Amino acid sequence: MFYITLSDSVHGLSLGMNEISPRDIANKTCIRAIEMLDLAGTVVTAAALGATRSVAEAIMRQGGDYVIAVKDNQKSLLKSIQNAFRDPLLVRECGEAHESETELGTGIIEERTVTALPISAVKNKTAFGEWKKDCKTLFMSITASYGKNQKAEGEPLTEFFVSSLSFDNTGIAALGDRALREHRGTANQRPWRLDLDYGRDQLQIKNRNYLRNCEALSGLTLKVLKELKPRPEFNRSPRKEVQSLTGVMTFLRGRLEQHLETVARLLAHGTA
């Protein structure tokens, strides 16, 4: 069984998880999930099964902006974008770059350089096809990973993205870096924790409903455990409320109510 999951990287929430039917295709399942929500003012990232033109159009219809990975099977589009970023004069005069470093929960440090180019700077846009309708910015991301001993973990990963974000946005490269960083965090860290702490890879469940319930409960308990993790501001509190059972319950109830309100508001906008 395969699932399409919509995640809110800001609040750490899973907004929806739709099963891909054997008679359906991933694009349609992804679009149905997107159409549940009001995406005004949000940036939606997608890769793999969701990196298609129809998904991008669905995001735009719901009021959001997309940052979508260009796949290897999109050869003409990928080659055209690569050629644009290989032109040093074009990148120097029209581009914008941003460098960042991220400490991952798995003990790996990622150093990423994101370069943004306006699509208007690309002379030959024939390969862009329908992407020309709303694509405004191109991103190139180069990510190098290092272990705690500062030893490189393989070759740097270079990826290319199309986006409807306006290049005129202040700090467009930093904005692209944030979107890509949160996408990687959502895609990698949460499944990694579930696999490690819950042994999900070892599960041999064949009952469909049981599998759905296990997935939902695992995600919920993982979120609860993260909220219970001691934080510096609580340790400095004279009363040390969070260390008592009453303090934990009060803190947890408040956080869960905030998350439930966020989900309810998003769903209300999506069904209005």
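Refer to the structure printed above.
Cut-off values and rules
Residues numbered from 1 in each chain as written. Predicted model: local features only at pLDDT ≥ 70, side-chain atom pairs only at ≥ 80, totals over all residues. Heavy atoms only, no water. Helix = DSSP H or I, 4+ residues; strand = E, 2+ residues; numbered from the N terminus. Buried < 20%, exposed > 50% of the residue type's maximum accessible area, 1.4 Å probe, protein only. Contact = heavy atoms within 4.5 Å. Areas by Shrake-Rupley, 256 points an atom, 1.4 Å probe, with all protein chains shown as cover. Core = buried A, V, L, I, M, F, W, Y, C linked by side-chain atoms within 4.5 Å. Polar contact = N/O pair within 3.5 Å; in protein donor to acceptor, adjacent residues only side chain to side chain. Salt bridge = Lys/Arg side-chain N within 4 Å of Asp/Glu carboxyl O.

1. Considering the overall build of the protein chain
Point 1. Helix and strand content of the protein chain: eight helices and eight strands.
Point 2. The buried share among the 272 residues of the protein chain stands at 37%.
Point 3. Restricting to contacts in the protein chain with at least 6 residues of sequence separation, those with at least 24 account for 58%.
Point 4. When the accessible surface of the protein chain is summed, it comes to about 16400 Å², and 53% of that surface belongs to carbon and sulfur atoms.

2. Details of the environment of Val 122
Point 1. Position of Val 122 relative to the elements: it lies in the loop between β6 (109–118) and β7 (137–146).
Point 2. Counting along the chain gives 42 residues from Val 122 to Ser 80, while the straight-line C-alpha distance between them is 8.6 Å.
Point 3. Beyond its immediate chain neighbours, meaning those up to four positions away, Val 122 contacts Ser 80, Ala 84, Phe 128 and Leu 138.

3. Notes on the environment of Cys 135
Point 1. Of note, Cys 135 is situated in the loop between β6 and β7.
Point 2. Remark: the alpha-carbon pair of Cys 135 and Ala 56, spanning 79 residues in sequence, is separated by 9.6 Å.
Point 3. Every residue in contact with Cys 135, bar those within four places of it in the chain, is listed here: Tyr 66, Ile 119, Val 162 and Ser 163.

4. Things to note about the environment of Ser 166
Point 1. Looking at where Ser 166 falls in the secondary structure, it is placed in the loop between β8 (157–163) and α5 (172–198).
Point 2. For Ser 166, a relative accessible area of 25% translates into the label partly exposed.
Point 3. When the C-alpha positions of Ser 166 and Ile 119 are compared, they lie 9.8 Å apart, and in sequence the two are 47 residues distant.
Point 4. If we skip the residues at most four places from it in the chain, Ser 166 touches Lys 136, Thr 137 and Ile 172.

5. Side note on the nonpolar core
Point 1. Ranked by internal contacts, the top residues of the largest apolar core, which has 35 residues, are Ile 81, Trp 131 and Val 162.
Point 2. Elements that contribute at least two residues to this core include exactly α1 (26–34), β3 (43–46), α2 (53–61), β4 (65–69), α3 (75–85), β7 and β8.
Point 3. In terms of residue count, the dominant contributor to this core is α3 (five residues).

6. Describing the side chain of Asp 134
Point 1. Following the sequence through the fold, Asp 134 ends up in the loop between β6 and β7.
Point 2. Judged by its relative accessible area of 12%, Asp 134 is buried.
Point 3. Here the side chain of Asp 134 touches Tyr 66 through a polar contact of 2.5 Å, side chain to side chain.
Point 4. What Asp 134 contacts, discounting residues up to four positions off in sequence, is Arg 53, Met 60, Tyr 66, Ser 163 and Ser 164.

7. Focus: the pattern of salt bridges
Oppositely charged side chains can form a pair if their charged atoms are brought close together.
Point 1. Tallied over the full model, the rule gives seven salt bridges.
Point 2. Here Arg 112 makes a salt bridge to Asp 177, at a shortest N to O gap of 3.7 Å. Residue Arg 112 is found in strand β6, and its partner Asp 177 is found in helix α5; the two are separated by 65 residues along the sequence.
Point 3. On the basis of relative accessibility, which here comes to 2%, the residue Arg 112 falls in the buried class.
Point 4. Among the ionic pairs, Arg 181 bridges to Asp 177, the shortest N-O distance being 2.9 Å. In this pair, Arg 181 and Asp 177 both sit in helix α5, four residues apart, roughly one turn of the helix.
Point 5. Classification of Arg 181 by relative accessible area gives partly exposed; the value is 30%.
Point 6. For Asp 177, a relative accessible area of 1% translates into the label buried.
Point 7. A cluster of three or more residues bridged by salt bridges with shared partners is formed by Glu 110, Arg 112, Asp 177 and Arg 181.

8. Structural notes on the side chain of Ser 100
Point 1. On the secondary structure map, Ser 100 appears in strand β5 (residues 96–103).
Point 2. Using a relative accessible area of 16% as the deciding quantity, one classes Ser 100 as buried.
Point 3. Of note is the side chain of Ser 100, whose polar atom sits 3.0 Å from the side chain of Asp 177.
Point 4. Residues contacting Ser 100, with those up to four places away along its chain left out, are Glu 110, Glu 111, Arg 112 and Asp 177.

Honestly, it's all geometry; don't read function into it.
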